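Structural features, examined
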Amino acid sequence: MRSLRTGLPLAALVTGAALLLSAPAAHAADTPLRDLAAAKGKVVGTAVTGSELTGGYGDIAGAQFSSLTPGNAMKWGTVEPTQGSFDWTEADQIVAFAQAHNQQVRGHTLVWHSQNPSWLTNGTWTSAQLGSLLQNHISTEVGRYKGEIAAWDVVNEPFNEDGTYRSTLWYTGLGANYIAQALTWAHAADPAAKLYINDYNVEGVNAKSTALYNLVKSLRAAGVPIDGVGLQAHLILGQVPATLQQNIQRFADLGVDVAITELDVRMALPADATKLAQQKADFKSVVAACVAVTRCVNVTVWGFTDADSWVPGTFPGYGAATPYDENYAPKPAYYGVAEALGGTTTTPPTGACSATYGVTSQWNTGFTGQVTIACTGTALSSWRASWTYGAGQQLTQAWNATCTQSGAAVTCTNASYNGTVPDGGSVTFGFNASWSGSNPVPVVTLG
Ligand code: 9MR
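A short tour of the structure in this document, coming up.

The rules behind each value
- Starting from 1, residues in each chain are numbered consecutively following that chain's sequence as written.
- Two thresholds apply to this predicted model, a pLDDT of at least 70 for residue-level local features and 80 or more for giving and counting side-chain atom pairs, whereas whole-chain, interface and lining totals are computed over all residues.
- Hydrogens are left out, water is left out, and the side-chain values use all remaining heavy atoms of the structure.
- Secondary structure elements are taken from DSSP: a helix is a run of H or I of four residues or more, a strand is a run of E of two residues or more, and numbering for both begins at the N terminus.
- C-alpha atoms define the radius of gyration in this analysis, and the globule rule sets the expected value at 2.2 Å times the number of residues to the power 0.38.
- With a 1.4 Å probe rolled over the protein chains alone, any residue whose accessible area is under 20% of its type maximum counts as buried; one over 50% counts as exposed, and the rest are partly exposed.
- We call two residues in contact whenever any of their non-hydrogen atoms come within 4.5 Å of each other.
- Each accessible area value is a Shrake-Rupley result obtained with a 1.4 Å probe; residue values ignore everything except the protein chains displayed when judging cover.
- For the charge count, each Lys or Arg is scored as positive and each Asp or Glu as negative, with His and the chain ends excluded.
- Charge positions come from single atoms, namely NZ of Lys, CZ of Arg, CG of Asp or CD of Glu.
- One bridge is not enough; two strands pair if DSSP finds at least two bridges between them.
- What makes a residue near a molecule or strand is one non-hydrogen atom of that residue sitting within 4 Å of it.
- By the criterion applied in these results, polar contacts are pairs of N or O atoms within 3.5 Å in which, for protein atoms, one can donate a hydrogen and the other can accept it, and in which residues neighboring in sequence qualify only through two side-chain atoms.

Secondary structure assignment for the chain yields 14 helices and 19 strands. Here the chain has a C-alpha radius of gyration of 24 Å; the compact-globule value for 447 residues is 22 Å, and the two agree. For the chain, the spread of C-alpha atoms along the three principal axes comes to 80 × 45 × 40 Å. Taken across its 447 residues, the chain has 51% of its residues classed as buried. Within the chain, counting contacts between residues at least 6 apart in sequence, those at least 24 apart form 76% of the total. Looking at the chain as shown, the accessible area adds up to about 17500 Å², and 53% of this sits on carbon and sulfur atoms. Side-chain charges in the chain split into 22 positive and 30 negative, and the spacing between the mean points of these groups amounts to 5 Å.

Laid out in structure tokens, this is it:
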């Protein structure tokens, strides 16, 4: 996945544009999402990148979520880049992390048209050869993790938008029966794992989800092992389908489980308070729809932080799609998830002051930055903003505040004339500083 933590400062440098990242002034030690979910009989998950599972990223992944989905680590192209030579490093790492944190793993994914190794996609195969390649792949991967995977996204994205089958190498080479075969092979390799078909744009009732519905119905009638459907839920701000809960319910009524497998809600950048409030409502309504249906067992976000999301790389100009910002501070969307899971949160979308740190210009040895303190629903009569520089940055000058730096720790207090931040208003102070190597954006604490 693309890392915005390294990507954005460079973009700011190149374009000279301001880089503005917000962090809540404070957030209470709220009940972790996984505990809230457990109290509702649900599992809450996130897609993860194995190499990132340390430090703050690892802390949040372990503390907040009860399920992990490898974002890329279990895809065919990752695990068998050369025919017959396997690399399980990242997949093993994620499984080990999950076990150490008492988490489920959702295996993702066994049969897909994308992210396959080139030896497979460039090869010329008879139908029989293709079938045995697929059977071997499924037996090898599912067998390796037998007993360790709660659920597999066995088949990923088999449909076109109009509900016809997507013409992939599998469909073209093996016919629609590849789906039943893949499920049957996966079941033979790990009879305890729940087996899913997973797709996008199937969240509401529409032609594509109805095709999925009809497929699941016929697979069940034929005795094919199918346990669940995954609704990916890569959504656009303000566009949660009105029929989401109804759609979840109709699948549940077929006798299968439902999981929201890849939830994110993208918005046109830059984010602002209005968009973030809408995003909170969107996350909340998706999770609430799952909570309302007993057989909806898992809600998984596709990356929990905006620093580790596929969205900006795929939809230029869009992003901020996850519940945590690039600095791992929970966004309103996080609290939307918590509230839908029955949590009461103490970080209100209103009645708070926040500090926003920005690099407004940067050159080879120095940069100019600013911090804006803004309040809504409350006010301040004095303020103190502090942060820690992560890469040796050193303040040289400040204006509209009194700033001191001790080691990496910077503290700025208001000047005599700008301690008041009114409800609905803001105060900005500026500074110059030196940097070398990198210039990561710190999290600013108010208090
Ligand atoms: O998050 C994945 C990203 O890192 C990859 O570049 C991308 C390649 O298609 O796949 C992403 O995950 C996809 C998932 O496996 C299936 N549903 C759509 C997801 C977003 O593209």
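Moving on to the sheet that holds strand E19 (residues 445-446). Taking strand neighbours across the sheet as the criterion, the four strands line up as E16-E17-E14-E19 in an open arrangement whose pairing is antiparallel. Two strands bound the open sheet, and with one partner strand each, they are strand E16 (401-406) and E19. Of the strand pairs in this sheet, E16 and strand E17 (residues 409-414) are connected by six bridges, and their pairing is antiparallel. Opposite Thr404, over in E17, you have Thr411 as the bridge partner.

Taken together, 13 residues sit near the ligand, with Asn72, Lys75, His108, Glu262 and Trp302 positioned nearest. His108 is positioned such that a nitrogen or oxygen atom in its side chain is 2.7 Å from an oxygen atom of the ligand. Gln115 is positioned with one of its side-chain polar atoms (N or O) 3.3 Å from an oxygen atom of the ligand. For the ligand, whose accessible area on its own is 450 Å², the fraction buried by protein is 79%.

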